[in-house]
Each structure stands twice: as structure tokens, then as C-alpha cells.
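Spelled out, the chains give:
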Amino acid sequence: RHGKYMACCLMYRGDVVPKETGAGIAIVRQKKMVQFVDWSPCAFKCGINSEPPVRPPGTCFASNLKRALCMISNSTAVGSVFTRLD
């Protein structure tokens, strides 16, 4: 709501191919789900690790996952937090 994204890093793990990652990014751009700053030439960076996600030993967390995605992004919205501190 407040601010625009400057960059978005998508880190895939598991049974993922580049065609699927590109299709997902295309859907986000087409639907205009997020807004990026005008001066960012390529807003998305992707990384793929073909190894499946690993679950911590002795837990049932993510016991049968074949894929995982971690997104790290930064936006201009954090600026409003610092203006309120003064």
C-alpha cells in the first residue's frame, strides 16, 4: 500500500524449471499485483536449487514437500517508518 518495491529475489528449491518461474513472474507483472519503482530495470532475480527442501530431523515440518520458495524483497515503504521516528 505504501511505497513501491525496488527489487525482488525469488529463490526456488526442488522440482522447479526456469519456464515455471518465468510464467509465475509474468502473471504477477500482468495482473499488476505489486508496483515497482520506475528506475529499476529488472525487478526480479531468480535462483533455482534442484535439491528438494530438507526438513529438520525429528520434526514433521515439511515432511513431504517437493518444492519451496523464499522471497526476499525491499521497498520504499520503510522510509515512512524513519520519518515517524523524529
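All figures in this text were calculated on a predicted structure; none of them were measured in a lab.

(A) Main features of the sheet that holds strand β2 (residues 44-49). Spatial strand order, β2-β1-β3: 3 strands in an open sheet with mixed pairing. In the strand order of this sheet, the two ends are held by β2 and β3 (67-75), each with one partner. In this sheet, neighbouring strand axes are inclined to one another by 15° on average, regardless of whether the strands run parallel or antiparallel. Pairing of strand β1 (residues 5-14) with β2, which is carried by 6 bridges, proceeds in the parallel orientation. Paired with Leu10 across the two strands is Cys46, which belongs to β2. In the packing of helix α1 (residues 18-31) onto the sheet, contacts are made with β1, β2 and β3, and the angle to β2 comes to roughly 150°.

(B) Broad picture of the packing of aromatic side chains. Summed over the entire model, instances satisfying the criterion amount to 2 aromatic pairs. Between Tyr5 and Phe36, the aromatic rings sit 5.9 Å apart at their centres with planes inclined by 45°, giving tilted as the arrangement. Of this pair, Tyr5 sits in strand β1 while Phe36 is found in the loop between α1 and β2, placing the two residues 31 residues apart along the sequence. The exposure class assigned to Tyr5 is partly exposed, which follows from its relative accessible area of 27%. Here the aromatic rings of Phe36 and Phe44 are separated by 5.1 Å at their centres, their planes lie at 65°, and the arrangement is edge-to-face. Three or more aromatic residues link up through ring pairs in this structure, and these residues are Tyr5, Phe36 and Phe44.

(C) Up close: the environment of Glu20. Relative to the helices and strands, Glu20 is located in helix α1. Apart from residues lying up to four places away in sequence, Glu20 is in contact with Asp15 and Arg67.

(D) Structural view of the nonpolar core. Ranked by size, the top nonpolar core spans 8 residues in total: Cys8, Leu10, Tyr12, Val16, Ile25, Phe36, Ala43 and Phe44. With 3 residues, the top contributor of residues to this core is β1. Those residues within four positions of Ile25 in sequence are excluded, and the remaining contacts are Leu10, Phe44 and Cys46.

(E) Main features of the pattern of salt bridges. Summed over the entire model, instances satisfying the criterion amount to 1 salt bridge. Of the charged contacts, one joins Glu20 and Arg67 as a salt bridge, the two residues approaching to 3.0 Å between their closest N and O atoms. One end of the pair, Glu20, is in helix α1; the other, Arg67, is in strand β3, with 47 residues separating them in the sequence. Exposure remark for Arg67: the relative accessible area of 42% places this residue in the partly exposed category.

Calculation notes
Residues numbered from 1 in each chain as written. Predicted model: local features only at pLDDT ≥ 70, side-chain atom pairs only at ≥ 80, totals over all residues. Heavy atoms only, no water. Pairing = 2+ DSSP bridges. Helix = DSSP H or I, 4+ residues; strand = E, 2+ residues; numbered from the N terminus. Axes fitted to C-alpha atoms, helices over the stretch in contact; angles between N-to-C directions. Contact = heavy atoms within 4.5 Å. Phe/Tyr/Trp six-rings, centres within 6.5 Å; stacked < 30°, edge-to-face > 60°. Buried < 20%, exposed > 50% of the residue type's maximum accessible area, 1.4 Å probe, protein only. Core = buried A, V, L, I, M, F, W, Y, C linked by side-chain atoms within 4.5 Å. Salt bridge = Lys/Arg side-chain N within 4 Å of Asp/Glu carboxyl O.

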